[in-house]
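In case you want the letters, here they are:
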Amino acid sequence: MNVELQLNAASVPSRGAPTQWNREAAQAVHDLPFNDLLFRAQTIHRQNFDPNRVQLSRLLSIKTGGCPEDCGYCSQSAHHQSGLKASKLMDVERVIASARSARDAGATRYCMGAAWRSPKERDMDAVVAMVEGVKALGMETCMTLGMLDLDQAQRLKLAGLDYYNHNIDTSERYYSEIISTRTFAERLDTLANVRDSGIKVCCGGILGMGEEKADRIDMLVTLATLPEPPDSVPINMLIPIEGTPLGEAEPIEPIEFVRTIALARIMMPKSHVRLSAGRTAMSDEMQALCFFAGANSIFVGDTLLTAENPGEDKDSALFRRLGIRPTERGAL
């Protein structure tokens, strides 16, 4: 399939059937002249979304630190000397109160993350209560708790969980350079359990971990050719954290980051592409280019789990300058 036909096919994908992307076709699009790439990404974006609306999510760490995984980018790993102390699972009432504040500040989706390899049975009742409580506030619910088996995923679905986040992080080729305590296949297994339970998949990756361009492209090919593309695709820019193996990683070049956002939009036209971690290191102009390239979701608030995030005042000021408005509740 030539690139022009590939683009046409990608603009109107069939839900439930994977788009036939491969490395060659995706790289041909990635390598287009920058203006042509952004024009095509913006054209496809406008076919599927309001180009001047961005969905706002709030992320809360409900259990911080002490994770047995050795993800090279993560301050919460027990393997790294990042200085972060482990905490217990938060009380349900505190989580719901935080969600209520986020809703009142304009967030439409509430995401809860726990630094676990996978949830333990003793914690499931509290996790289920959190989902039920946040859902009762009229918000979309999202969780990231590590690996899930099918029973756990079904239980969360019954509680009202809308989205489950489980990033593949990078390409299958480069994955073992970043993580050794779980495999790439295990991540795909969790995505299958989430999908089979009827929960929407939130899955993306991290750029700037020393990967090659081909790895970024392959990561998006993996996502776009799942049985169903993820409903949300978070694209993170690595925040180097002292004490982690990637604490001194060289940042990704901004234009290359924007290219990846544009490629994600073209390859997954109906997915929300979330501009996630790393926005504190991005200029307003870089973020504006990302929105033009098809990003239409961000996390709001001062922190993302344990990392810094632009404050809501700064985001509001940027939105005013760009004429962007938050997506209204019920219009997702």
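Residues numbered from 1 in each chain as written. Predicted model: local features only at pLDDT ≥ 70, side-chain atom pairs only at ≥ 80, totals over all residues. Heavy atoms only, no water.

> Looking at this structure, I do not really get unusual backbone geometry. What am I missing?
With a phi close to 75°, D169 is a non-glycine residue in the positive phi region. Tracing the chain through its elements places D169 in the loop between strand 4 (163-165) and helix 7 (172-175). (Helix = DSSP H or I, 4+ residues; strand = E, 2+ residues; numbered from the N terminus.)

> So what exactly am I meant to see when it comes to the pattern of salt bridges here?
Side chains that differ in sign of charge can pair as their charged atoms come close. Taken as a whole and assessed by the stated rule, the structure comprises 16 salt bridges. The salt bridge partner of D31 is K213, with a shortest N-O separation of 3.0 Å. Placement of the pair is D31 in the loop between helix 2 (23-30) and helix 3 (34-48) and K213 in helix 9 (residues 213-224), with a sequence separation of 182 residues. In this structure, D125 engages R155 in a salt bridge whose closest nitrogen and oxygen atoms are separated by 2.2 Å. You can see D125 sitting in helix 5 (residues 121-135) and its partner R155 sitting in helix 6 (residues 150-159), a full 30 residues away along the chain. Members of the salt-bridge network, linked through shared partners, are E69, R117, R182 and E186. (Salt bridge = Lys/Arg side-chain N within 4 Å of Asp/Glu carboxyl O.)

> Please clarify how the nonpolar core should be interpreted in this entry.
As a rule of thumb, nonpolar side chains are buried together in soluble globular proteins. Grouped together as the largest cluster of nonpolar side chains are 93 residues, with contacts concentrated most on I62, M143, L156 and F257. With eight residues, the top contributor of residues to this core is helix 10 (residues 254-267). Sequence-distant contacts of M143, defined by excluding residues within four places in its chain, comprise I62, M112, V127, M130, V131, L161, Y163, Y164 and N165. Core analysis: the next-biggest nonpolar cluster, separate from the first, contains five residues, L59, C142, Y163 and F299 among them. (Core = buried A, V, L, I, M, F, W, Y, C linked by side-chain atoms within 4.5 Å. Buried < 20%, exposed > 50% of the residue type's maximum accessible area, 1.4 Å probe, protein only. Contact = heavy atoms within 4.5 Å.)

> Explain the packing of aromatic side chains here, please?
Each aromatic ring pair is characterised by the separation of its centres together with the angle its planes make. Summed over all chains, the structure comprises two aromatic pairs. Both rings, one in Y175 and one in F184, keep their centres 5.6 Å apart while their planes meet at 80°; by these two values the pair is edge-to-face. The two residues Y175 and F184 agree in class, both being buried. Summarising the aromatic geometry, the rings of F291 and F319 are spaced 6.0 Å apart at their centres and angled 80° between planes, so their arrangement reads as edge-to-face. One end of the pair, F291, is in helix 11 (residues 284-292); the other, F319, is in helix 12 (residues 312-322), with 28 residues separating them in the sequence. Judged by relative accessible area, F291 falls into the buried class, the value being 6%. F319 gets classed as buried once you look at its relative accessible area, which sits at 6%. One cation-aromatic arrangement involves R274 over F299; the distance from NZ or CZ to the ring centre is 4.8 Å. (Phe/Tyr/Trp six-rings, centres within 6.5 Å; stacked < 30°, edge-to-face > 60°. Lys NZ or Arg CZ within 6 Å of the ring centre and 35° of its normal.)

So, to be careful, I would describe these as geometric facts and stop short of saying anything about function.
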